[in-house]
Amino acid sequence: MPTQHITRTTRRFGLVAALALTATLTTAGTAYAHAEVTADKPQALAEDVTLSFISEAESASAGFTQLRVVLPQGIAPDDVSLTDGPKGWKLKTVQDGYTVEGPALPVGTDAEHKIKVRQLPESNEIAFKTVETYSDGEVSRWIEIPSGAEEPQQPAPVLKLKAAAPGAAPTSPSPATSAPPSATDSAPSSTETPDPKDTAQENTAQENTAQEDDGSLPVPLIGVGVAVLLGLGAGGWWLARRQKTNSP
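First, a word on scope: everything that follows refers to the structure included in this document. (Residues numbered from 1 in each chain as written. Predicted model: local features only at pLDDT ≥ 70, side-chain atom pairs only at ≥ 80, totals over all residues. Heavy atoms only, no water.)

### Quick word on the sheet that holds strand β1 (residues 35–39)
If you walk across this open sheet you meet the 4 strands as β1-β2-β7-β4, and the pairing is antiparallel. Each edge of the open sheet is held by one strand with a lone partner, namely β1 and β4 (80–84). Here the average twist between neighbouring strands, direction ignored, is 30°. In terms of strand pairing, β4 meets strand β7 (residues 111–119) through 4 bridges, oriented antiparallel. By the bridge assignment, Leu 82 is partnered in β7 with Ile 115. (Pairing = 2+ DSSP bridges. Helix = DSSP H or I, 4+ residues; strand = E, 2+ residues; numbered from the N terminus. Axes fitted to C-alpha atoms, helices over the stretch in contact; angles between N-to-C directions.)

### Let's talk about the packing of aromatic side chains
A complete count under the given rule lists 2 aromatic pairs for this structure. Aromatic pair Phe 53 and Phe 128: ring centres 5.3 Å apart, planes at 80°, arrangement edge-to-face. Placement of Phe 53 in strand β2 (residues 47–55) and of Phe 128 in the loop between β8 (125–127) and β9 (129–134) is noted, with a sequence separation of 75 residues between them. You'll find Phe 53 and Phe 128 in the same group, each marked buried. For the pair Phe 64 and Tyr 134, a centre-to-centre distance of 4.5 Å together with 25° between the ring planes defines the contact as stacked. (Phe/Tyr/Trp six-rings, centres within 6.5 Å; stacked < 30°, edge-to-face > 60°. Buried < 20%, exposed > 50% of the residue type's maximum accessible area, 1.4 Å probe, protein only.)

### With respect to the sheet that holds strand β10 (residues 139–142)
Sheet architecture is open: 5 strands sit in the order β5-β6-β3-β9-β10, paired in antiparallel fashion. The outermost strands of the open sheet, each flanked by one partner alone, are β5 (90–94) and β10. Across the sheet, the mean angle separating the axes of adjacent strands is 15° when strand polarity is ignored. Across 4 bridges, β9 lies against β10 in antiparallel orientation. Within the sheet, the bridge partner assigned to Thr 133 lies in β10 and is Val 139.

Structure, rendered in structure tokens:
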């Protein structure tokens, strides 16, 4: 085989190998840029557990400014607190989880933070859907729940838990959890202005009821009684005068 032909074949093989290696590294970089969660006590119903989160940077032009984490069922937003995170970042609870945000991190810097959880739920595994926001407005959503053998492209961080310790039980609800509305909360307000017609009817009914209760007679009946007495008195006076006139 001519030397020139061997040289060309070697160059082509090297070029193909370099392209394949580049594609492999690019694919691996995309696959490994994701969000993860670990725990110091990965056990169901464990109390005062520290969860560590890491979101790997995948933007070549912007840094992280916010992470939004959706808590799994059994962990209330008021049951978590931030114990460590990027400088200047703060935790804020939302209806279904929390956010940690602050000044933009340098480009290529992973976002790491830790939270303290009051108690883990009784489950085999729990997922923490995570939405990452960069300083240029780009959003990366790691919210897909793995199911089956095939891993989703953007899986949510999943924490596998060991079985609960013997005798472990759920603690009482968090003191910060809002109490259910009481009966007085749903009662109508007493400051509403009553309708004049309703008020008049109510007063009349109350007057009639009061008259029946105290045993007194209505005014018209009293007037009739007085008239009868006056009539009887006048009749008696007339008869007495007539008898006096007719006597000798």
